[in-house]
There are 2 protein chains.
Amino acid sequence: MKKLLLVYIVLIGTLMAYLYMVFVKEDNSGLLNEPEGLHGTLDEKYVMVNFLAGIDYWKNGLKGFEDAAEALGVSVEYRGSTQYDVQEEVMVLEQVIARSPAGIAVSAIDSEALNSAINKAVEAGIPVVMFDSDAPNSKAYSYIGTNNYNAGVTAARKMAELTGGIGKVGVVTLPKQLNHQERTRGFEETLEKEFPDLQLVGIADGKGDQMISEQKVRDLLKRFPDLNGIFVTEANGGVGAGNAILRLGKLDQVRIISFDTDKGTLDMVKSGTISATLAQGTWNMGYWSLMQLFHLRNHMVNPMSDNAGSSIPPLPTNIDTGITVVTPEDVDQFYAK
Amino acid sequence: MKKLLLVYIVLIGTLMAYLYMVFVKEDNSGLLNEPEGLHGTLDEKYVMVNFLAGIDYWKNGLKGFEDAAEALGVSVEYRGSTQYDVQEEVMVLEQVIARSPAGIAVSAIDSEALNSAINKAVEAGIPVVMFDSDAPNSKAYSYIGTNNYNAGVTAARKMAELTGGIGKVGVVTLPKQLNHQERTRGFEETLEKEFPDLQLVGIADGKGDQMISEQKVRDLLKRFPDLNGIFVTEANGGVGAGNAILRLGKLDQVRIISFDTDKGTLDMVKSGTISATLAQGTWNMGYWSLMQLFHLRNHMVNPMSDNAGSSIPPLPTNIDTGITVVTPEDVDQFYAK
């Protein structure tokens, strides 16, 4: 009788164990049948590489990069040259490549100088995408950033609106950098095509410096005292141009369109010294850079691009993150929160 | 004694049940602590809307849309006008909107006619993106497709390579459609700028029809018997142009560059009748359309775009899926598998 009861205990225990295991299994397989979604692992590390790493401009892009990493459950790291120095960025990029990360998003200080490092990474199987500033002749898979030519077109149309489409305008830019060449070209060609009465009288090199740009604007106003507008293709020069017209008492005569949304620029937009500035989609540059690197890393790309020797792009080659015209009316929403 | 044994049975059974429940719980929470990743639910349904829904051209784009949906664990549906009929596509789109889907990717048969339906959807909170064929003046959030102007630039450079950059060339196109206007403009402006010895002598309307295009090419060759090349901006016309030069025995004289990769075009590339065709990134159009709609739907976009009345784009405004030049050497990889 005792033995029989012991057998019962074992049988009932086994049955309960079995039932729970079935329950466990079903429960797990139920979970596994749920969509797993797009996700990686924390040891999958993506690196963002840029130059002048300390400046505020990069903060939103890095935030986008981090937000995408958090959504996908992967890790990120941020590296860059501290100076505006081509060789320093090349060195930083070489160091990053040596550690074989899951992917690298690069903003190029020079459109050619990083090509050999970028190509070496791609050939070693490390995905590379460009953001903000392209290296179009490298083997990087894509460019994610502002369409700078279109930004120049937008600036020209806004300038026409601000000046009534008649008069003389100048440009302060960085004539050696691809981004800035494109902005200037879009501005110039749009004036020619759409606003023939708005004459571009001078293009000055502000060297990305506030003081030099202020002097260049003073020179321009000496040569053309009836100047109606200035398009400045970067933020330091925009503040310099603002100071020039403030100090010369030309606030009512000269309309300034600047670039980006650092605090100095926004303050001058708010006060009306700068009539408009062009905000770039920097958060999206970072977010979609990481999204593209993740897809390359995990081979979630155009299936036809997998064929040996294929020239078919695995993913979109060019992502335009757009431009927003910031005016005194809506400037408040652009201040960092 | 029997009662004691019964108590044991119950106690042991309860203990085993408890142990298994702990095991289950731990196992589950282990799973839940893994990165969840990007995923939706199957009741989140995204709809792709196009025109001439039956043609092969859309297959790769739909495959990309489906692949993205599978990765994210959401549902898709595919709707389109059966005819090349503007009003039919408007009606189909209105019907889709009435069922409040999670998002809609639209390829516009006409760059203006769908605007009011698209805007109604966006105003009702249904995300809309454009793919393949844009409606640039609508409130759709973005365009995902070929940069058609750049495709024309690529065609011009390939034509210069094929003809040695000297001679007379023509274009067969659809002059009323935006895509095709852009392709023609990119081709024409690049010839003017980069290849002044390659003269564009005529632009004909092939109406997207093989027979009409063949006749237009015959007419062009009658006017210019020494014609060296023809750029055809869509696939039916390319085959028509191929038939024209075959039947006129002008295969050695006239180089044809066509568009897209349907079987008829690929066969003519393989045989050398068509010298090159431009393949579009259709899989990527579908994949990244869904990816963008998912991000809009789930508010995973630029945080600054959330402010009331903001004009900041929530996500990239323009995604260029790229172009691949297909020649006899690499034509095989483009046949549908």
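None of the values given here were measured: they were computed from a predicted structure. (Residues numbered from 1 in each chain as written. Chains lettered and ligands numbered in written order. Predicted model: local features only at pLDDT ≥ 70, side-chain atom pairs only at ≥ 80, totals over all residues. Heavy atoms only, no water.)

Peer 1: Which residues make up the overall build of chain A, and what values do they have?
Peer 2: Along the backbone of chain A there are 10 helices and 12 strands. On the principal axes, the C-alpha backbone points of chain A span a range of 115 × 45 × 35 Å. When each of the 337 residues of chain A is scored for burial, the buried share is 55%. Long-range contacts, defined here as pairs at least 24 residues apart, represent 72% of the contacts in chain A between residues at least 6 apart. A total accessible area of about 14,900 Å² is found for chain A, and carbon and sulfur atoms account for 54% of it. Averaging the positions of the 29 positive and the 42 negative side-chain charges in chain A gives two centres separated by 3 Å. (Helix = DSSP H or I, 4+ residues; strand = E, 2+ residues; numbered from the N terminus. Buried < 20%, exposed > 50% of the residue type's maximum accessible area, 1.4 Å probe, protein only. Contact = heavy atoms within 4.5 Å. Areas by Shrake-Rupley, 256 points an atom, 1.4 Å probe, with all protein chains shown as cover. Lys, Arg positive; Asp, Glu negative; His and termini not counted. Charge placed at Lys NZ, Arg CZ, Asp CG, Glu CD.)

Peer 1: Give a detailed account of helix H4 (residues 115–123) of chain B, specifying residues and quantitative values.
Peer 2: Side chains of residues three or four places apart in an α-helix project in the same direction, reflecting 3.6 residues per turn. All names here are of chain B. When H4 is considered as a whole, its buried residues turn out to be Asn115, Ala117, Ile118, Asn119, Ala121 and Val122. In the core, the buried residues of H4 are packed alongside helix H3 (86–98) and strand E4 (128–131). Positive backbone phi, at 85 degrees, marks Gly125, one or two positions downstream of H4.

Peer 1: Tell me about the sheet that holds strand E10 (residues 276–280) of chain B, and name the residues and values.
Peer 2: All names here are of chain B. Strand order in the open sheet made by the six strands is E7-E6-E8-E9-E10-E12, with mixed pairing throughout. The open sheet is flanked by strand E7 (198–205) and strand E12 (323–326), the only strands paired with a single partner. When strand polarity is set aside, the average angle formed by the axes of neighbouring strands in this sheet is 20 degrees. One ladder, built from seven bridges, connects strand E6 (residues 167–173) with E7; its direction is parallel. In the sheet register, Gly167 faces E7, and the bridge partner there is Leu198. Across the sheet, helix H7 (residues 210–223) touches E6, E7 and strand E8 (229–232), and the angle it forms with E7 is around 140 degrees. (Pairing = 2+ DSSP bridges. Axes fitted to C-alpha atoms, helices over the stretch in contact; angles between N-to-C directions.)

Peer 1: Before we move on, could you go through the packing of aromatic side chains and cite the residues and values that matter?
Peer 2: Aromatic ring pairs are defined here through the distance separating the ring centres and the angle between the ring planes. All names here are of chain B. Summed over all chains, the structure comprises 15 aromatic pairs over all chains. Ring plane angle 85 degrees and centroid distance 5.4 Å describe the contact between Phe51 and Trp58, whose orientation is recorded as edge-to-face. On the basis of relative accessible area, Trp58 is assigned to the buried category, the value being 5%. Aromatic pair Tyr287 and Trp288: ring centres 5.4 Å apart, planes at 65 degrees, arrangement edge-to-face. Classification of Tyr287 by relative accessible area gives buried; the value is 1%. (Phe/Tyr/Trp six-rings, centres within 6.5 Å; stacked < 30°, edge-to-face > 60°.)

Peer 1: Residue-level account of the nonpolar core, with values.
Peer 2: Ranked by size, the top nonpolar core spans 60 residues in total, and within it A:Leu38 and B:Leu38 carry the most contacts. Of all elements in the fold, only strand E1 (45–50), helix H2 (59–72), strand E4 (128–131) and helix H10 (282–297) of chain A together with strand E1 (45–50), helix H2 (59–72), E4 and helix H10 (282–297) of chain B reach the threshold of two or more residues within this core. Apart from the residues within four sequence positions on either side, B:Leu38 is in contact with A:Gly37, A:Leu38, A:Ala71, A:Leu72, A:Tyr287, A:Met291, B:Ala71, B:Leu72, B:Phe294, B:His295 and B:Met300. (Core = buried A, V, L, I, M, F, W, Y, C linked by side-chain atoms within 4.5 Å.)

Peer 1: Let's hear about unusual backbone geometry: which residues, and what values?
Peer 2: All names here are of chain A. Backbone geometry at Leu52 places phi at a positive 45 degrees, although glycine is not the residue there. A residue is classified by how much of its surface remains accessible, and Leu52, at 25% relative accessible area, is partly exposed. Although it is not a glycine, Lys207 adopts a positive phi angle of roughly 55 degrees. Looking at the secondary structure, you find Lys207 in the loop between strand E7 (198–205) and helix H7 (210–223).

Peer 1: A description of the side chain of A:Thr146 should follow, citing residues and the corresponding values.
Peer 2: Residue and element names in this part refer to chain A. Note that Thr146 resides in the loop between strand E5 (143–145) and helix H5 (148–163). Residue classification places Thr146 among the buried residues on the basis of a relative accessible area of 1%. If we skip the residues at most four places from it in the chain, Thr146 touches Ala151, Gln280, Met285, Asp320, Thr321, Gly322 and Ile323.

Peer 1: Summarise the pairing of strand E2 (residues 75–80) of chain B; cite the residues concerned and give the values.
Peer 2: As paired elements, E1(B) and E2(B) share six bridges and run parallel to each other. Within the sheet, the bridge partner assigned to B:Lys45 lies in E2(B) and is B:Ser75.

Peer 1: Summarise the side chain of A:Thr327; cite the residues concerned and give the values.
Peer 2: Residues and elements named next belong to chain A. With respect to the element layout, Thr327 can be found in the segment after strand E12 (323–326). On the accessibility criterion, Thr327 (11% relative accessible area) is buried. Among all residues touching Thr327, those that are not within four sequence positions of it are Lys158, Val269, Ser275 and Ala276.

Peer 1: Summarise the domain arrangement of chain A; cite the residues concerned and give the values.
Peer 2: All names here are of chain A. Domain boundaries in chain A define domain 1 (45–146 + 282–300) and domain 2 (148–280 + 327–334). Using C-alpha coordinates to define each centre, domain 1 is positioned 30 Å away from domain 2. Across the contact, 10 residues belong to domain 1 and seven residues belong to domain 2. Between domain 1 and domain 2 the total buried area reaches about 680 Å² when both faces are included, carbon and sulfur atoms providing 42% of it. A per-residue breakdown of the area domain 1 buries against domain 2 is headed by Tyr57, Tyr84 and Thr146, which together make up 53% of the total. (Domains from an automatic or database assignment. Buried area = accessible area lost by both parts, 1.4 Å probe.)

Peer 1: An account of the pattern of salt bridges is requested, with residue identities and associated values reported.
Peer 2: Two side chains carrying opposite charge are able to pair once their charged atoms lie near each other. This structure, assessed with the given rule, holds 32 salt bridges over all chains. Of the charged contacts in the structure, one is a salt bridge between B:Glu94 and B:Lys120, with a shortest N-O distance of 2.6 Å. Residue B:Glu94 is located in helix H3, and its partner B:Lys120 is located in helix H4; the two are separated by 26 residues in the primary sequence. Taking relative accessible area as the criterion, B:Lys120 reaches 42% and is therefore assigned partly exposed. Notably, a salt bridge pairs B:Arg218 with B:Glu214, separated by 3.5 Å at the nearest N-O pair. Residue B:Arg218 and its partner B:Glu214 are located together in helix H7, separated by four residues, close to a single helical turn. Exposure remark for B:Glu214: the relative accessible area of 6% places this residue in the buried category. One salt-bridge network, held together by shared partners, links A:Lys45, A:Glu77 and A:Arg99. (Salt bridge = Lys/Arg side-chain N within 4 Å of Asp/Glu carboxyl O.)

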